Amino acid sequence: MTDGVTMEGMPMQVAVDDQKLGLGIAAERLSIVRYVFLVQIEDGIASAAQRASLEYADAVLIGWPEADSTEVVELSADQLDTVREQMTAMEEYIRRFSAMESKGDIDGMTDTLIRVTERVAEVRRLYQPGFPLPTFAEIRRVVQDEWDEDMDKIDPDQREVTAEEISQEAREQSTEERP
């Protein structure tokens, strides 16, 4: 093995000696990105996509196992390579996320949080294969239904009004205003 440095900045030998290191780093990185995203959107009403991206990150992080948990398995060399690939991709998405944060690109951050979460979910699936992780699509459907329901509660009587109805209402008001 080389004495190079992994993209996480950890000496490669350390990563080889502690094959479960990626499990903890993945959770920590996603937690940070999720928090930064939450701070960025907290002042407004989160869109369905923003809510779904947060819910997805939460679903992946919930009940995160300790490295010494009996649910966490030892990985093969190929699986460790996959973890490294996922972690490298995750870090690239985090760099993009940071650039979007600087520009105030909330929509871009929303999409990128999903991509970071997908990478972390893949890492968790490798280390904890028995844990059922939802997909973003599953989360999105549920959140979209909830969001639609919430928006209906804000103004349940609001509906599309036709030009004819507006004209009729204007005629009625002008008739009422005449002495």
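Residues numbered from 1 in each chain as written. Predicted model: local features only at pLDDT ≥ 70, side-chain atom pairs only at ≥ 80, totals over all residues. Heavy atoms only, no water.

S.K.: I'd like to hear about the pattern of salt bridges, residue by residue, with values.
M.R.: A pair can form between side chains of opposite charge whenever their charged atoms are brought close. Per the stated rule, a full pass over the model turns up nine salt bridges. Arg34 serves as the salt-bridge partner of Asp58, at 2.4 Å between the closest nitrogen and oxygen. Linking Asp58 in helix H3 (residues 48–61) with Arg34 in helix H2 (residues 21–41), this pair joins segments that are 24 residues apart in sequence. One salt bridge connects Arg84 with Asp81, and the closest N-O pair in it is separated by 3.1 Å. Taken together, the residues Arg84 and Asp81, both in helix H4 (residues 77–103) and three residues apart, mark about one turn of the helix. A residue is classified by how much of its surface remains accessible, and Arg84, at 28% relative accessible area, is partly exposed. Assessed through its relative accessible area of 38%, Asp81 is described here as partly exposed. Each of Glu92, Arg95 and Arg96 takes part in one network of salt bridges that share partners. (Salt bridge = Lys/Arg side-chain N within 4 Å of Asp/Glu carboxyl O. Helix = DSSP H or I, 4+ residues; strand = E, 2+ residues; numbered from the N terminus. Buried < 20%, exposed > 50% of the residue type's maximum accessible area, 1.4 Å probe, protein only.)

S.K.: Please set out the nonpolar core residue by residue, giving values where relevant.
M.R.: One finds Leu30, Val60, Trp64, Leu113, Val120 and Tyr127 to be the most contacted residues of the largest nonpolar core, which totals 40 residues. Top element by residues in this core is helix H5 (residues 106–127). It accounts for 10 residues. (Core = buried A, V, L, I, M, F, W, Y, C linked by side-chain atoms within 4.5 Å.)

S.K.: Tell me about H5, and please be specific about residues and values.
M.R.: Counted at 1.5 Å a residue, the expected span for H5 with its 22 residues is 32 Å, and the 31 Å between its end C-alpha atoms agrees. Of all 22 residues in H5, 16 are buried, a share of seventy percent or more. (Expected span 1.5 Å × (residues − 1).)

S.K.: Account for H4, naming residues and giving values.
M.R.: Spanning 27 residues, H4 covers 40 Å between terminal C-alpha atoms, matching the ideal 39 Å at 1.5 Å per step. When we look at burial in H4, the residues that qualify are Leu80, Val83, Gln86, Met87, Met90, Glu91, Ile94, Phe97 and Met100. Of the residues trailing H4, Gly104 is marked for its positive phi of about 75°.

S.K.: Quick one: what's the story with the side chain of Thr110, residue by residue and with numbers?
M.R.: Of note, Thr110 is situated in helix H5. Residue Thr110 is classed as buried on the basis of its relative accessible area, which comes to 2%. Excluding anything up to four places from it in sequence, Thr110 contacts Phe37, Ala49, Gln50 and Ser53. (Contact = heavy atoms within 4.5 Å.)

S.K.: Which residues make up the confidence of the model for the protein, and what are the values?
M.R.: Chain-level pLDDT for the protein is 83 on average; 74% of the residues reach the 70-or-more range. Counted against residues more than four places away or in other chains, residues 1–5, with its pLDDT under 50, gives eight contacts. (pLDDT = per-residue confidence, 0-100.)

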